[in-house]
Amino acid sequence: MTTSQKALGAVCGALSCLLTGPPAAPVPPAVERLTPCQADVARAVTEQLARAPKGRFVPPDTLSYDGGAEVITFRPPSCGPARRGAEDDCDEDGVPGNAVCLYDRRAFEGSRQAIKVPGPRRLSGTGLFMSLRNDRPFVFLVKRSRDDGGTCFPGGARSGNLRGVADQRWVNAHPSLRACPSL
C-alpha cells in the first residue's frame, strides 16, 4: 500500500465516522438513588462498623455480631416509625421470648439491639439506648462494667423511657434468676 492509499484510507475512515457517529461507548449502569432512609441506614452501618468492625452485614439494615448473639437493626428517624408489635418477639425473628431488645429512642422506636445469648457481654453497639424490652422469662441486668451489680429488669419487663442506664455498656441475661434480687 502506498502512502496515498494509506492517506485515502484514513480519510475514508474519518468520513465514515462523521457519517455514522463515533463508535458507541459503553453506557455506565444507572446510578441507584438512595432514599433519605437508605442513606441514613448506610451511614449508621458504616459508623457502627468503624466502632465495632466484626459485624456481618445482613441486608437491608442489620448487623449481626458473634453469629447472631447480638443483632443491631438500624431504624433512623428518616425511616419513620417502626410500628413494632407488642407481642413477645421484640427482635421479630419469629421466635417469641428469645431476646432482650434495646432501642435508641423512647417508646421502643429507632434502631434496635437484640441480645440473644445469656451471660455477661459488652455491647457492640455504642450509642445510647432509651427503651428496653425483656421478652425472656429471666432477669436482664444493665451494667456500667462487667463486675457492676447493674440495674435489674425482670422477665417480661418493658420500659419505654429509660433514665440512668442509657449509657451503660455491659449487659447480662441471667437465666438462673427468675426475679430481680432484693438489694
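Residues numbered from 1 in each chain as written. Predicted model: local features only at pLDDT ≥ 70, side-chain atom pairs only at ≥ 80, totals over all residues. Heavy atoms only, no water.

1. Section: the nonpolar core
Here is a general trend for soluble globular proteins: nonpolar side chains tend to be buried in one another's company.
Now for step 1: Core analysis: the largest hydrophobic core is formed by 15 residues, its most contacted members being L102, F129, L132, F140, V142 and F153.
Now for step 2: Excluding anything up to four places from it in sequence, L102 contacts S111, R112, Q113, L123, F129, S131, L132, F140 and V171.
Now for step 3: Within the second largest apolar cluster, nine residues are counted, among which are A44, L63, Y65 and C79. (Core = buried A, V, L, I, M, F, W, Y, C linked by side-chain atoms within 4.5 Å. Buried < 20%, exposed > 50% of the residue type's maximum accessible area, 1.4 Å probe, protein only. Contact = heavy atoms within 4.5 Å.)

2. Quick look at the packing of aromatic side chains
Now for step 1: Taken as a whole and assessed by the stated rule, the structure comprises one aromatic pair.
Now for step 2: Aromatic side chains Y103 and F108 sit 5.7 Å apart centroid to centroid with 80° between the ring planes, which places their arrangement in the edge-to-face category.
Now for step 3: Judged by relative accessible area, which is 22%, F108 ranks as partly exposed. (Phe/Tyr/Trp six-rings, centres within 6.5 Å; stacked < 30°, edge-to-face > 60°.)

3. Considering the pairing of strand β11 (residues 170-174)
Now for step 1: Among the five residues that make up β11, four are buried, leaving the element largely enclosed by the rest of the structure.
Now for step 2: The pairing of strand β8 (residues 139-143) with β11 spans five bridges and is antiparallel. Following the sheet pairing, F140 is matched in β11 by A173. (Helix = DSSP H or I, 4+ residues; strand = E, 2+ residues; numbered from the N terminus. Pairing = 2+ DSSP bridges.)

4. A look at the environment of N134
Now for step 1: In this fold, N134 is placed in strand β7 (residues 131-134).
Now for step 2: On a C-alpha basis, the gap between N134 and C101 in space is 6.5 Å, while along the polypeptide they are 33 residues apart.
Now for step 3: Those residues in contact with N134 that sit more than four places away from it in its chain are A99, V100, V139, F140, F153, P154, G155, G156 and A157.
Now for step 4: In this structure the side chain of N134 is engaged in a polar contact, spanning 3.2 Å, whose partner is the backbone oxygen of F153.
Now for step 5: A distance of 3.2 Å separates the side chain of N134 from the backbone oxygen of P154, its partner in a polar contact. (Polar contact = N/O pair within 3.5 Å; in protein donor to acceptor, adjacent residues only side chain to side chain.)

5. With respect to the side chain of N98
Now for step 1: Take N98: it is sitting in the loop between β3 (70-73) and β4 (100-105).
Now for step 2: Residues in contact with N98, not counting those within four places in the same chain, are D89, D91, D93, I115, K116 and R136.

6. As for the side chain of S124
Now for step 1: Following the sequence through the fold, S124 ends up in the loop between β6 (119-122) and β7.
Now for step 2: Note on S124: relative accessible area 13%, which makes it buried.
Now for step 3: Sequence-distant contacts of S124, defined by excluding residues within four places in its chain, comprise Q48, A52, Y65, E70 and Q113.

7. What to know about the state of the cysteines
Now for step 1: Tallying each qualifying case throughout the model produces three disulfides.
Now for step 2: Shown here is the disulfide that connects C90 with C101, its sulfur atoms set 2.0 Å apart. Looking down the S-S bond of the C90 and C101 bridge, the torsion is 80°, so its handedness is right-handed. With C90 in the loop between β3 and β4 and C101 in strand β4, the pair connects residues that are eleven residues apart, well separated along the chain.
Now for step 3: Bridging C152 to C180, the disulfide has an S-S length of 1.9 Å. In this structure the cystine formed by C152 and C180 twists about its S-S bond by roughly -90°; its chirality is therefore left-handed. Of the two residues, C152 sits in strand β9 (residues 151-153) while C180 sits in the segment after β11, which places them 28 residues apart along the sequence.
Now for step 4: Classification of C152 by relative accessible area gives partly exposed; the value is 23%.
Now for step 5: Classification of C180 by relative accessible area gives partly exposed; the value is 30%. (Disulfide = S-S within 2.5 Å.)

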